[in-house]
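As a plain string of letters, each chain reads:
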Amino acid sequence: MKSLSKFDFQNIKSVGIRVDFNVPIDESFKVTDDTRLLRAIDTIKFIKEKKCKILLISHFGRPNDNFEIRYSFQNLIKQFSKILNENINLISYENFLQKGLVKFQQFEEIISLLDNIRFFKGEKTNDLSFSKSITDHLDLYINEAFSASHRSHASVNQMSKNITSLPGFNFEKEIIAINEIKNSSKKKLAIIGGSKVSTKINTLLSLTKSCSNIFIGGAMANNFLKFKDVPVGDSLLEEGSEKMIEEIYKLAKKSSCEIHLPLDIVTDKVEKYSIYKLSTASNFKILDLSDNSINLLDNLILKSEIVLWNGPMGMIENENFAHGSSKLASLLANCSSQVVIGGGDTLLAINIAGINFDQFHFVSTAGGAFLEALEDKHLPGVEALNLS
């Protein structure tokens with residue numbers, strides 16, 4: 001895969017950048033987390049300094065292959081311009097249908113944003129002719145949306161094949177971070193939370209091969225505790241997870257990877273229990289980690305050179321059950337280990353803890369794509385860049 005920083009920009013006048021501006025918003029369309037926008041700044045500024053016209057391409061939400069005002073960047077373009085500190089021109093859905101990108105290079109603004117790429121049917125079908133209607137007007141294509149790279153969509157896969165294409169700076173960092181977790185000989189710890197075993201079984205199976213220790217937290221841990229005959233009351237469980245857990249333990253043993261579970265928990269009544277005393281509790285749900293579990297995590301972190309954290313340790317939406325995740329975030333922010341944050345709801349947990357992302361070695365903005373890369377799955381966005 002070529003590097004953007006080493007690319008020769010001679011004769012390059014127009015550049016398309018696939019970004020991920022699929023940001024969370026509130027009821028009044030106010031952006032509530034600008035992390036994904038900020039991650040694209042370095043690449044955008046680098047291309048702007050090369051005196052190139054820039055076409056930004058992104059999806060937003062899940063429209064049905066047609067224009068839907070609630071998914072239009074019309075509602076967000078002013079905020080994007082302010083956050084990125086750039087004057088951005090919006091190419092509307094209707095304008096693109098009528099004129100395409102014929103006048104793209106004549107726009108007064110250096111940077112243009114095409115309205116939601118998922119409004120166009122050819123995006124999800126990975127259509128060649130649709131992709132060429134965009135790339136035929138570009139000299140270079142950059143993928144800066146690693147978080148979408150598990151999708152076989154035109155802007156992720158096909159456009160990168162049409163013309164010379166490169167990964168953006170943040171995209172490249174995502175690949176490096178994942179390779180460090182999978183291939184480094186350093187002692188590694190994976191801290192995995194979330195609710196379902198089934199959504200992360202392949203990730204866990206893969207991590208047993210590369211990690212010395214794995215700590216299971218969140219609602220997913222309920223299934224592992226029950227598997228070990230620990231009473232879990234009315235806690236959230238995933239039916240049929242026993243075979244998956246058995247497979248994880250079997251491969252972990254073969255790979256000399258130790259699986260760790262919570263030692264104590266916090267119930268929905270905000271009561272703390274050792275897992276060995278849960279038989280004395282009744283009508284309870286496990287919703288967070290307690291002190292001894294945090295101490296166990298602290299000790300595991302101290303013994304590790306690389307730490308991956310993906311998934312909250314409790315029901316972080318409720319401040320009564322966000323303590324475990326917040327304490328973990330603080331431990332990781334202040335440790336000497338190389339910490340990689342695996343995107344998704346983990347970012348929310350860190351924000352709740354009030355910790356700056358800069359305190360970690362790398363914070364991924366990708367959820368599903370990050371996990372699929374850890375599972376050694378082929379990502380269409382990555383494969384296309386490797387072919388370019």
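Calculation criteria
- Residues numbered from 1 in each chain as written.
- Predicted model: local features only at pLDDT ≥ 70, side-chain atom pairs only at ≥ 80, totals over all residues.
- Heavy atoms only, no water.
- Pairing = 2+ DSSP bridges.
- Helix = DSSP H or I, 4+ residues; strand = E, 2+ residues; numbered from the N terminus.
- Axes fitted to C-alpha atoms, helices over the stretch in contact; angles between N-to-C directions.
- Phe/Tyr/Trp six-rings, centres within 6.5 Å; stacked < 30°, edge-to-face > 60°.
- Buried < 20%, exposed > 50% of the residue type's maximum accessible area, 1.4 Å probe, protein only.
- Core = buried A, V, L, I, M, F, W, Y, C linked by side-chain atoms within 4.5 Å.
- Contact = heavy atoms within 4.5 Å.
- Right-handed = clockwise from strand over helix to strand, strands pointing away.
- Parallel < 35°, antiparallel > 145°, perpendicular 65-115°, else oblique.
- Nonpolar A, V, L, I, M, F, W, Y, C, P; charged D, E, K, R; others polar.

Caption draft 1: Looking closely at the sheet that holds strand β6 (residues 165-167). Read from one edge to the other, the open sheet built from 6 strands follows the order β3-β4-β2-β1-β5-β6, with strand pairing classed as parallel. The two strands at the open ends of the sheet, each matched to only one other strand, are β3 (88-91) and β6. Across the sheet, the mean angle from the axis of one strand to that of its neighbour is 25 degrees, orientation sign disregarded. Bridge count for β3 against strand β4 (residues 111-114) is 4 bridges, and the pairing is parallel. Residue Ile-88 lies in a different strand from β4, and its bridge partner there is Ile-111.

Caption draft 2: View of the packing of aromatic side chains. One pass over the structure, following the stated rule, counts 16 aromatic pairs. Centroid distance Phe-60 to Phe-73: 6.0 Å. Interplanar angle 40 degrees. Geometry classified as tilted. Residue Phe-60 is found in the loop between β2 (53-57) and α3 (77-84), and its partner Phe-73 is found in the loop between β2 and α3; the two are separated by 13 residues along the sequence. Given the relative accessible area of 5%, Phe-60 is considered buried.

Caption draft 3: Focus on the nonpolar core. In this structure, Ile-47, Phe-80 and Ile-134 are the most contacted members of the largest nonpolar core, which totals 49 residues. Leave out the neighbours within four places in its chain, and Ile-134 touches Leu-55, Ile-57, Phe-96, Leu-101, Leu-114, Ile-117 and Met-159. Ala-190, Ala-252, Leu-308 and Val-340 belong to the second largest nonpolar core, which has 48 residues in total.

Caption draft 4: How the structure looks around the pairing of strand β8 (residues 213-216). The side-chain alternation of β8 yields two buried faces, one formed by Asn-213 and Phe-215 and the other by Ile-214 and Ile-216. Examined bridge by bridge, strand β7 (residues 188-192) and β8 share 4 bridges and lie parallel to one another. Its bridge partner lying in β8, Ile-191 is registered against Phe-215. For the crossover that starts at β7, traverses helix α9 (residues 201-210) and ends in the parallel β8, the hand is right-handed.

Caption draft 5: Local environment of the packing of helix α10 (residues 220-227) against helix α11 (residues 242-254). Between α10 and α11, whose axes approach to 10 Å, the crossing angle comes to 80 degrees. Taken together, the axes of α10 and α11 lie roughly perpendicular to each other. Along the contact surface, α10 presents Asn-223, Phe-224 and Phe-227, while α11 presents Glu-242, Ile-245, Glu-246, Ile-248 and Tyr-249. Class assignment for the residues of the contact of α10 with α11 results in 5 nonpolar, 1 polar and 2 charged.

Caption draft 6: Region of the structure containing the environment of Gly-311. Relative to the helices and strands, Gly-311 resides in the loop between β13 (306-310) and α13 (323-333). Taking relative accessible area as the criterion, Gly-311 reaches 4% and is therefore assigned buried. If near-sequence neighbours (up to four positions away) are discounted, Gly-311 is found in contact with Gly-193, Gly-194, Lys-200 and Thr-346.

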